[in-house]
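# Inside the fold
Okay, here's what each chain looks like letter by letter:
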Amino acid sequence: MITFENVTKTYGSKRAVDNLSMTIEDGRIFSFLGPNGAGKTTTIKLMTGIVAPDTGVIKVDGIDIAKDPIEAKHRFGFVPDTFDMYERLTGREYLRFMGDLYCVAQAQRKANIEKYLQLFSLEDAYDQQIRSYSHGMKQKLAIIGALMHDPSIWILDEPMVGLDPQSVFLLKEEMRAHADKGNTVFFSTHVLDVAERLCDEIGIIKQGQLIAKGTLEQLRGEGDSTLEELFLELVEKGE
């Protein structure tokens, strides 16, 4: 579970997140949507402890990330929308580093690395330097590094950008299976048809404020609008 309680973050004169309160329950894939500059990335940075809120409380699995950041960060795996890697490391060295960082036991580390390397067809590149990887291969490696400690919460910011269609399909299958086990997936995307088909609940942010949250059926009300139609109506008209 992830909870935001009256969270605000301001950069200069711009309020990037404005008194945000919401709860993402266990057992759900939650899609976080909004136009560019709406506050999605700032919200994710707040949730992962990269930046601190001006006011408010954020809890991950009931743990206040400001009061106990190390324990909170062990509860989630985070894949950012942009990432920098130590490109002179090999894939093996990078995943060894991530395993050490999260204190992953050797047996668990070996099993999860083997599982995800095979899933994403990355075995042949495992001992190559990361600087030789394509963008999609780096994305796959970042996903493996974020998930190898079996976190209960997955925080994925545009995780499918750069992935080939087969890898996108496999990642969606993993997300669904993870949520179906009673875990939480927080998923930010601009691909609305993926969000519509995959997610259990949707949140829409505009100018730092949460303007809608619920299942697609709840957001539709009596109508039968697609998520794209609902998104455009809510964001463009501000209703």
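Up top you'll find the structure we're talking about.
Attention in this report is confined to the structure presented alongside it. (Residues numbered from 1 in each chain as written. Predicted model: local features only at pLDDT ≥ 70, side-chain atom pairs only at ≥ 80, totals over all residues. Heavy atoms only, no water.)

### Here we look at the side chain of T42
Residue position: T42 is located in helix α1 (residues 40-47). Classification of T42 as buried rests on a relative accessible area of 12%. Setting aside its immediate chain neighbours within four residues, T42 contacts K9, Y11, A16 and V17. (Helix = DSSP H or I, 4+ residues; strand = E, 2+ residues; numbered from the N terminus. Buried < 20%, exposed > 50% of the residue type's maximum accessible area, 1.4 Å probe, protein only. Contact = heavy atoms within 4.5 Å.)

### Overview of unusual backbone geometry
We note that D61 has phi near 55°; this positive angle belongs to a residue other than glycine. Within the secondary structure, D61 is located in the loop between β4 (55-60) and β5 (63-64). With a relative accessible area of 27%, D61 lands in the partly exposed category. The phi dihedral of E158 falls on the positive side, at around 50°, and the residue is not glycine. Relative to the elements of secondary structure, E158 occurs in the loop between β7 (153-157) and α6 (165-180). Here E158 falls in the buried class, since its relative accessible area comes to 14%.

### Observations regarding the sheet that holds strand β3 (residues 28-33)
Read from one edge of the open sheet, six strands run β6-β7-β8-β3-β9-β10, paired in mixed fashion. In this open sheet, the two edge strands, each paired with only one partner strand, are β6 (76-79) and β10 (209-214). Adjacent strand axes in the sheet meet at a mean angle of 15° when their direction is disregarded. By the bridge criterion, four bridges tie β6 to β7 in an arrangement that is parallel. (Pairing = 2+ DSSP bridges. Axes fitted to C-alpha atoms, helices over the stretch in contact; angles between N-to-C directions.)

### Re the nonpolar core
Among the nonpolar cores identified, the biggest contains 50 residues, and L33, L95, L141, M160, M175, F187 and I204 are the most heavily contacted of them. By residue number, the principal contributor to this core is helix α5 (residues 135-147), which donates six residues. Residues L46, M47, I153 and I155 belong to the second largest nonpolar core, which totals 24 residues. (Core = buried A, V, L, I, M, F, W, Y, C linked by side-chain atoms within 4.5 Å.)

### Comments concerning the packing of aromatic side chains
Per the stated rule, a full pass over the model turns up five aromatic pairs. With centroids separated by 5.5 Å and ring planes inclined at 35°, the aromatic side chains of F30 and F186 adopt a geometry described as tilted. Placement of the pair is F30 in strand β3 and F186 in strand β8 (residues 184-188), with a sequence separation of 156 residues. Accessibility assignment for this pair places F30 and F186 in one class, buried. Geometrically, the ring pair formed by Y86 and F97 is edge-to-face, given 6.0 Å between the ring centres and 90° between the ring planes. (Phe/Tyr/Trp six-rings, centres within 6.5 Å; stacked < 30°, edge-to-face > 60°.)

### Some thoughts on the packing of helix α3 (residues 91-101) against α5
In the contact formed by α3 and α5, the axes pass within 9 Å of each other and the chain directions differ by 25°. By the angle between their axes, α3 is roughly parallel relative to α5. Crossing handedness for the pair α3 and α5: right-handed. Counting all contacts with α3, which are made through G91, Y94, L95 and M98, the residues of α5 involved are L141, A142, I144 and G145. Looking at side-chain class alone, the contact of α3 with α5 contains six nonpolar, two polar and no charged residues. (Parallel < 35°, antiparallel > 145°, perpendicular 65-115°, else oblique. Left-handed = near helix turned anticlockwise from the far one by under 90°. Nonpolar A, V, L, I, M, F, W, Y, C, P; charged D, E, K, R; others polar.)

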